[in-house]
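Commentary on secondary and tertiary structure
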Amino acid sequence: MEQYAIEMKGITKTFGKVIANHDVNLQLRKGEILALLGENGSGKTTLMNMLSGIYFPDHGSIKVNGTEVSIQSPKDAFDHGIGMIHQHFKLVDVLTAAENIVLGLKGGITIDRKSTNKKVKELGDKYGFDVDPAKKIYNMAVSEKQTVEILKVLYRGAEILILDEPTAVLTPQEVDKLFAVLRNMKEDGKSIIIITHKLHEVLSISDRVAILRKGEYIGTIETATANQSTLTEMMVGHAISLEIKHPEVEQGPEMLRVHDLTCLNSEKVKALDGVNFSAFGGEVLGIAGIAGSGQKELCEAIAGLYPITGGTVLFRQKKDGVEVMENIGGQDAQNIHKKGVSYVPMAFVPEDRLGMGLVASMDMVDNVMLRSYKDNKGFFVDRKPPKELSEKLIKDLEIVTPGVSTPVRRLSGGNVQKVLLGREISFGPDVLVVSYPVRGLDINSSYKIYDLLNEQKKKGVAVIFVGEDLDVLLEISDRILVMCGGKVSGIVNAKETTKEELGLYMIKVGGGKEEIA
Amino acid sequence: MLSIILKLIVAAVLAGTPLLFGALGEILTEKSGNTNLGVEGMMYMGAVSGIAGAFFYGKAAGGAPVGVVAVLIALVVSFLIGALGALIYAFLTITLRANQNVTGLTLTIFGTGFGNFFGDFIAKNAGGSLVVTDGVKAMFKGIAIPGLSKIPVLGTLLFNYNWMVYFAVIVAVVMAWFFKRSRVGLNLRAVGEDPATADAAGINVTRYKYVATVVGGGICGIGGMYISMVSQNGVWVFDCVSGYGWLAVALVIFATWDCNRAILVALVFGALKIMRLYVALPIPSQFYDMAPYIVTIIVLVITSMRESREHAQPKSCGTNYFREER
Amino acid sequence: QSAAESADSASSTADTESTEESTDADAESTDAAASEGLALEDLKVGFVYVGDESDQGYTYNFMMGTDEVQESLGLSDDQIIEKTNVGEDSSCETALRELAEAGCNIIFATSFGFEDYVMEVAPDYPDVQFCHATGYQSAASDLANTHNYFSSIYEARYLSGIIAGMKTQTNKLGFVAAMPYAEVISGYTAFYLGAKSVNPDVQMEVMYTNTWNDANLEAQLAQALIDDGCDVLGQHCDSAATATTAEAAGVWQIGYNTDMIDKAPNASITSARCDWGIYPEYAINCLLNGEEIAKDWSQGLVENAVMLTAYNDALMPEGAAEAVETAKAAIISGDLHVFDTSTFTVGGAELTTFTNDFGVEFVKDGYFHEQEADFGGSSPAFSSIIDGITVKE
Amino acid sequence: MSSVKTEKKTPLIRMIKRDEITQKKTWMIRAVAILGALITGGILILCLGKNPLQAYSDMLRGAFGSKVLIQETVKQAIPLLITAIGISFAFKMKFWNIGAEGQVLVGAIGAGYWAFFYAATLPKIPLIILMIVTAMLFGGLYGLLPALCKAKWGTNETLFTLMLNYIALYIIKYLANGPWKAAGSSFPKMPMIHKGVRLSKVFGVHWGWIIALVLVVFASIYFNRTKQGYEIAVVGESNNTARYAGINVGKVFRRTMFLSGALAGIAGMLQVAGCDYTITERTAGGVGFTAITVAWLAHMNPYGMLGVAAFIAVLERGCNQIETTMAIPASVSDLLIGIILFFMLGCEFFINYRLVTRGGKEEQNA
Ligand SMILES: Nc1ncnc2c1ncn2[C@@H]1O[C@H](COP(=O)(O)OP(=O)(O)OP(=O)(O)O)[C@@H](O)[C@H]1O
Ligand SMILES: Nc1ncnc2c1ncn2[C@@H]1O[C@H](COP(=O)(O)OP(=O)(O)OP(=O)(O)O)[C@@H](O)[C@H]1O
Ligand SMILES: [Mg+2]
Ligand SMILES: [Mg+2]
């Protein structure tokens, strides 16, 4: 009988009424990379959290290297050589990289910072990471933080690594780098479980794929024998088309014109630097760029949530019966919003759904009301219209929820996104800005979102789509704007460009077409 | 003039020392992510138990109590009882996840009652007063450090205090070292900043929180003991802590959670407390009394303006940690 | 006891309900009751204290007096209701009303801040006698059922000052004072005058805590005085912190309210103390005999209402006990007046006139008539800072 | 790799967050907690050589024994309730205002200004209105200060408001020692306010209780039905979401803290005009702190606060009673109150979580 690095048998875990995992079996071979695949809420994270000691299973057994173990805390997990890199980083902001890495480890009474810094540096070099061990986490970019997370696990001598959606926040280049490191580690004899929703990543990195559906274990297949559609079918339970629709719509009028937009961030550095572009009705304008190139600031500045230091944001509006481009840039969200409902129909789906777009602990009615409660005249709120709208959204968008009065925190990621998008679309906006709308969503949910966006486009809305997956951007967008270092490095026609060209724009500061060509 | 300043500084040191203990205890507690507003209560508990310990030892030893033993007993007992108060708080907030502010306030009520009740009770049974013997009293008086105390000016300024003053400074320096250099200190800071991360790093968050909170309470208890043994010279006085615990909480802010700085700030607070007794300025005494609080607010606002991430309250203070919460 | 008390509150409930109708009838019968007197078994006495005996000072001393009265009059436990820890705010009004409702015929309120509430409640209960210690408002008011009382503690202070004056080696006394007002000023002036009577060179320094009860501040104040060269400390505030600080610094102290020798055996020499049993006994006897209670009552050495507690013999200066006895005899005989204006100056000049807010002239016949019924009543009035005393604020 | 444990073991006790709990069970848990507190307190009283049953029955009698006593209990509950409502405005927004004590005091000062200096010149009704308005203004501004700093710089409000309490206290001491000192005595205290300014009584208690009840209803409507209440809830959950929704977070901070302080200010005014008839350093007398407990135990529900405030008033009155009737020192009542509150705080846990023991058996209570 083969001895597995990890063998989970009959694992069940419930949260209140939710059965997150039901009778799940999973085997990880020594020295392999196993991809864990499943729709949102299928219980992947939960299952892994039981390996890393965050949760304790209700039933079932776990064997590490053939011996049955009880993992009651992350410390137990480390003792068994299991290390996990969580979906949400677990790093202490005010400590340095090295301090985070040695956190919780046994050792001498004092910490010799010099020698730990050296050791961390060496470890980084070994696997090809570039880290500054003395840098404070709060000064780091996302990819740097992830590097620290991985080093943390390696430093502990983990033989078994679990990575929960590590690529969600990385650029394609960074993903390639990460995968190279993972392969290095595999060579080193480590066993790895990786969770990702991106099928091409699954196919390129893994040896085998284990699939969960609605908390149940479906099976494990060799990657070599799999392709995107077989995987999807196992995940969802039936075959689905993997083609993103691209309806041809005649370009409408200019809906939004951003002119010379400049913003400073809290460190007084230019987060946006002279950004110029227009968005037209009936098109999807994709926005690409390495994480942190100013996409977030751009979206928020357009939505009036980010202070503007220079330039204008013009919206198409009716004035005395004539359509004009009106400047509302520089005004705060409240002013924009005051006009917004009756005057400037613009909708915004922010990247941070539960932290910005919605109130996690409130129910759907109160969340739907968030953007419209001010419309009601007087001092009081009227919950009737939002309640009706919520019920309509549940029906139209097939939102899975026990009811309109369930806190949205309890909904799955995909359904949360539907609530948010549904609310924003319900205004009938002229401009719709969506920021990473499918991040963390499974294939099925993602396609539903794409469909919704395309519908808006057909209605003549100017859709601005910020995304990280270039394949998706190329398929869904009509034009793609590439950002680099707070500047627009290029605007290209999606049909006439390639991934490679986009990639070049993404790293070319202020690059013009000539330079690239 | 010089002699007045000298006396002022000496008095400031004496007044600042119990504040320093209270503040150190609270810093340790807050570094684990717990804001324990029960400092006043724990100081009361320590105040009464320290003196009671020394008193009962003196009684048991008959005519000849050994000073050093009495000191040790006072120290240990006040630490333990202060820690007991903190343990109640810890159980409620860490295990039962009760609100930290409310629990702290309740601990203040409880501890004040505890101190005054037992002080009174023991005094009554002892025939009116709870007083330690002369020998024990002597142990808490200034010790002229041989040789050094004779140096002009510096001798008075630095080498004539009771042992608890030096002890407080040592505790502060050790704690500063502990947070900066030691492994456990680093782990503790992580717990206070981000318990979920500390947990995932294999740190036993619950244990760290318990130990820090309970030991912190013990240190507050020692601060209380200072009041009954030094400030009140070994006599139990009703209501003796009289707000020092709250002042200690203010001091924590003023010191920006830094133990070394706390030494200096305790001196400043001590000086503010007794200044009007030595230097008569033509302002109403109430303004003197207000000064520490105003200064604290100013420091609080300035640190927040500077957005200092490191000289600020540990981030998880005020929230309780539950691993499965999301 | 429990049965008796439930009976009480049952009756108090009944009382409450009937109060409104019966007020008029009661008012009419007041005069009759005054002349006939009250039967001892119908007597019920209420006390309102600002603290409880834990303070080992002010309230403790009052409660000792209450015990004396109970014993000397042979009152049963349920004839005395004591309200402890009553604040100087509306809770005082509450306490007074509760006592009146519980059927008390006479109520003693023992803290200065209670007076306003006594004046507030008294009109509602005309047949209940309200006696307030340390206050001043009764005589000027038209409320027949309110009375003020205080002991002439300044006399005992004077005697204790004699000891201090003989004891000091630095000729500098210190005084830890609570609040800057007449009761305190009168007390420390008498203390100083006593010292000066035996030691003409003596000086005194005074500092205020500005609160009745802050043991740490009292200790710090005492230390500041000692740092300034004072070697005998007097005090007028609640705790024994002055005594213990004096002891720790190797100087001496003279206390107030209670004997502090057990707390500072090497520093505390004696304490000036009031006997708070005398007045309640007097007032209750008036009630029992159907006599009027004086509007203002103040008694001192003559009636043994004030005294010095037992001396700490080891610390008594030579000849001090005798000097005290001589002065005491002179005060009792009327030959010696504590505030004899020939013995002190204010701002370099002899005090020739002193009037209070009501226009009463206190200086007459060569001395200041402190706490005399004919001159401003029972509460202390002397509030000048005399030469030789430095107030450090 | 370190040695691997071979035996499988589950933790002895695990806790699991409850999804929902029936009302009945909630009250059962609370009842058990109070019973536990009473037993613990009873042991304490027994140690003093007193009869706990008598103590408890005396406590009840002290709170409800007669009409006057009931009125006193109500009087005690009024400032507690109003202040707790004020605090809940801030707490709903997750703004930890522990400065109600100071806000009550400055409210009292605001009211006192008119009562002390204009009682003779102004008729009663405008005077009372001025007093309420000024008290609200003072309390509100005092609450506004930390909100401004929090909105602008993110200044920690817990510590800020805590410090402000002491400053208010010393302002009162200062006024009593000098500018507002009463004539007629050299004692540093403020005068009694003129009889004409005092609040009249309705059913034997000054009409502050009507205000308190109105505020309960007002707060409940404000929280649940108004736009501003909704904004408070959004801000409390996430500042970012609030910004996104076009809510000016700073403004909500300021507005709500002003309201929070203003309500505490009303409590201060009522204390001056309805109870104490003067201002002392005890005018707030810990109400600001106790009210935090009230608000918290009631989960910020105004009707709940009505109940909890009444409960605590009964407790305090009761303790006061046994201090008198059974010669139990004040310190023991502190201990007793501490114990009862500890139990009540602790029992909330069992409402939110349930315990699972190793055998799989679930425990309901402590
Ligand atoms: N805290 C909770 N309590 C009860 N039920 C919950 C809770 N959280 C989620 N659920 C239920 O679980 C289902 C799936 O939600 P889940 O959170 O797994 O989505 P998700 O896809 O994992 O989200 P994300 O992609 O953001 O991680 C929902 O339908 C919801 O009813
Ligand atoms: N701490 C928790 N409390 C309550 N419910 C939880 C908790 N953690 C997970 N769940 C629920 O358990 C189910 C599985 O969630 P899990 O996060 O494991 O899904 P996932 O497969 O990782 O999804 P995703 O792809 O979105 O990350 C979901 O319904 C989720 O809502
Ligand atoms: Mg998930
Ligand atoms: Mg997941």
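Everything quoted here is computed from the prediction, not taken from an experiment.

Bringing the overall build of chain A into the picture now. If you tally the helices and strands in chain A, you get 18 helices and 20 strands. Overall, the C-alpha framework of chain A stretches about 80 × 50 × 50 Å when taken along its three principal axes. Taken across its 517 residues, chain A has 57% of its residues classed as buried. Long-range pairs, those at least 24 residues apart, make up 66% of the contacts in chain A between residues at least 6 apart in sequence. By element, 50% of the accessible surface of chain A is carried by carbon and sulfur atoms, the whole surface being about 20,600 Å².

As a further point, take the packing of helix α5 (residues 153–167) of chain C against helix α10 (residues 320–333) of chain C. Residue and element names in this part refer to chain C. Closest axis-to-axis distance for the α5/α10 pair is 9 Å, and the angle between their directions is 150°. Viewed along their axes, α5 and α10 adopt a mutual orientation that is roughly antiparallel. Crossing of α5 over α10 shows right-handed handedness. Along the contact surface, α5 presents E155, Y158, L159, I162, I163 and M166, while α10 presents A320, A323, V324, A327, K328 and I331. Of the residues belonging to the contact of α5 with α10, the class tally is 10 nonpolar, no polar and 2 charged.

This part covers the pattern of salt bridges. Summed over the entire model, instances satisfying the criterion amount to 46 salt bridges over all chains. Note that D188 of chain A and K126 of chain A form a salt bridge whose closest N and O atoms lie 3.5 Å from each other. One end of the pair, D188 of chain A, is in the loop between α6 (172–187) and β8 (191–195); the other, K126 of chain A, is in helix α4 (residues 113–127), and 62 residues separate them in sequence. In this structure K126 of chain A comes out as exposed when scored by relative accessible area, which is 52%. The closest approach of N and O atoms between K392 of chain C and D228 of chain C, which form a salt bridge, is 3.1 Å. You can see K392 of chain C sitting in strand β15 (residues 389–392) and its partner D228 of chain C sitting in the loop between α7 (215–227) and β8 (232–236), a full 164 residues away along the chain. Judged by its relative accessible area of 23%, K392 of chain C is partly exposed. Salt bridges sharing partners connect three or more residues here, namely D93 of chain A together with E193 and K315 of chain B.

This paragraph deals with the sheet that holds strand β7 (residues 203–208) of chain C. Residue and element names in this part refer to chain C. Read across the open sheet, the 7 strands follow the order β12-β10-β9-β8-β6-β7-β15; overall the sheet is mixed. Of all the strands in the sheet, just β12 (306–308) and β15 have a single pairing partner and so form its edges. Mean inter-strand twist for the sheet, computed between neighbouring axes without regard to direction, equals 20°. Direction of pairing for β8 relative to strand β9 (residues 252–256): parallel, over a ladder of 3 bridges. Within the sheet, the bridge partner assigned to L233 lies in β9 and is Q253. In the packing of α7 onto the sheet, the strands contacted are β6 (172–177), β7 and β8, and the crossing angle to β6 comes to about 165°.

At the junction of the two partners, chain D supplies 34 residues and chain A supplies 48 residues. Carbon and sulfur atoms supply 53% of the area that chain D and chain A bury against each other, a total of about 3,500 Å² over both sides. Linking chain D with chain A are 1 salt bridge, by the criterion used here. At the junction of chain D with chain A, the criterion picks out 18 residue pairs in polar contact (both at pLDDT 80 or more). Among the elements of the structure, α7 (208–225), α8 (227–237) and α9 (239–244) of chain D are those that each provide at least two residues to the side of chain D that touches chain A.

What follows deals with the domain arrangement of chain A. All names here are of chain A. By domain assignment, chain A separates into domain 1 (4–236), domain 2 (243–345 + 429–437 + 460–517) and domain 3 (354–427). Contacts between domain 2 and domain 3 engage 10 residues on the former and 9 residues on the latter. For the pair domain 2 and domain 3, the summed buried surface comes to about 750 Å²; carbon and sulfur atoms form 61% of the total. Linking domain 2 to domain 3 there are 0 salt bridges. At the surface where domain 2 touches domain 3, the tally comes to 1 residue pair in polar contact (both at pLDDT 80 or more). Those elements that provide at least two residues to the side of domain 2 that touches domain 3 are α10 (333–342) and β17 (431–435).

Near ligand 2 you find 17 residues, and of these G43, K44, T45, T46 and H197 of chain A are the closest. This site is not confined to one chain, since residues near ligand 2 come from chains A and B. In the environment of ligand 2, an oxygen atom lies 2.6 Å from a nitrogen or oxygen atom belonging to the side chain of K44 of chain A. Within the side chain of E165 of chain A, one N or O atom sits 3.3 Å away from an oxygen atom of ligand 2. The protein chains hide 82% of the 620 Å² of surface that ligand 2 would expose on its own. Going through the elements one at a time, β2 (18–28) and α1 (44–51) of chain A are the ones with two or more residues in the shell around ligand 2. The residue inventory of the shell around ligand 2, partitioned by class, reads 4 nonpolar, 8 polar and 5 charged.

The next thing to look at is α7 of chain C. All names here are of chain C. Look at α7: 18 Å from first C-alpha to last across 13 residues, which is about the 18 Å you get at 1.5 Å a residue. Among the 13 residues that make up α7, 12 are buried, leaving the element largely enclosed by the rest of the structure. Of all the positions in α7, only A215, N216, L217, E218, A219, Q220, L221, A222, A224, L225, I226 and D227 are classed as buried. Taken from the residues just after α7, G229 is the one with a positive phi, measuring 100°.

For the rest of this paragraph, the subject is the site of ligand 1. Close to ligand 1 lie 10 residues; V18, N40, G41, R410 and S412 of chain A are nearest. Ligand 1 is flanked by residues contributed from chains A and B. Between ligand 1 and the protein, one listed contact pairs a nitrogen atom with a backbone N or O atom of R410 of chain A at 2.8 Å. Relative to its unbound accessible area of 630 Å², ligand 1 is 68% covered by the protein chains.

So, on to the pairing of strand β9 (residues 208–213) of chain A. Residues and elements named next belong to chain A. With respect to burial, β9 is a largely interior element, 5 of its 6 residues being buried. Looking at chain direction, strand β3 (residues 33–38) and β9 are connected through 5 bridges and run parallel. By the bridge assignment, A35 is partnered in β9 with V209. Bridge count between β9 and strand β10 (residues 216–222): 6 bridges; the pairing is antiparallel.

On the side of chain B, 24 residues touch chain A, which itself brings 35 residues to the contact. Around 2,600 Å² of area is buried between chain A and chain B when both sides are counted, 55% of it from carbon and sulfur atoms. Interface area lost by chain A to chain B is led by V94, L103 and I111 of chain A, which between them contribute 19%. Of the charged contacts, one joins K315 of chain B and D93 of chain A as a salt bridge, the two residues approaching to 3.7 Å between their closest N and O atoms. Where chain A packs against chain B, one counts 7 residue pairs in polar contact (both at pLDDT 80 or more). Of all elements in the fold, only β1 (6–15), α2 (74–79) and α3 (97–102) of chain A reach the threshold of two or more residues within the side of chain A that touches chain B. Among the elements that take part in the side of chain A that touches chain B, α2 of chain A stands out by supplying 3 residues, more than any other. The residue makeup of the side of chain A that touches chain B, split by class, is 16 nonpolar, 8 polar and 11 charged.

Time to look at the side chain of T17 of chain B. Mapped onto the fold, T17 of chain B is located in helix α1 (residues 2–31). Not counting the four nearest positions on each side in its chain, T17 of chain B is found in contact with M164, V165, A168 and Y226 of chain B.

Parameters at a glance
- Residues numbered from 1 in each chain as written.
- Chains lettered and ligands numbered in written order.
- Predicted model: local features only at pLDDT ≥ 70, side-chain atom pairs only at ≥ 80, totals over all residues.
- Heavy atoms only, no water.
- Helix = DSSP H or I, 4+ residues; strand = E, 2+ residues; numbered from the N terminus.
- Buried < 20%, exposed > 50% of the residue type's maximum accessible area, 1.4 Å probe, protein only.
- Contact = heavy atoms within 4.5 Å.
- Areas by Shrake-Rupley, 256 points an atom, 1.4 Å probe, with all protein chains shown as cover.
- Axes fitted to C-alpha atoms, helices over the stretch in contact; angles between N-to-C directions.
- Parallel < 35°, antiparallel > 145°, perpendicular 65-115°, else oblique.
- Left-handed = near helix turned anticlockwise from the far one by under 90°.
- Nonpolar A, V, L, I, M, F, W, Y, C, P; charged D, E, K, R; others polar.
- Salt bridge = Lys/Arg side-chain N within 4 Å of Asp/Glu carboxyl O.
- Pairing = 2+ DSSP bridges.
- Buried area = accessible area lost by both parts, 1.4 Å probe.
- Polar contact = N/O pair within 3.5 Å; in protein donor to acceptor, adjacent residues only side chain to side chain.
- Domains from an automatic or database assignment.
- Near = heavy atom within 4 Å.
- Expected span 1.5 Å × (residues − 1).

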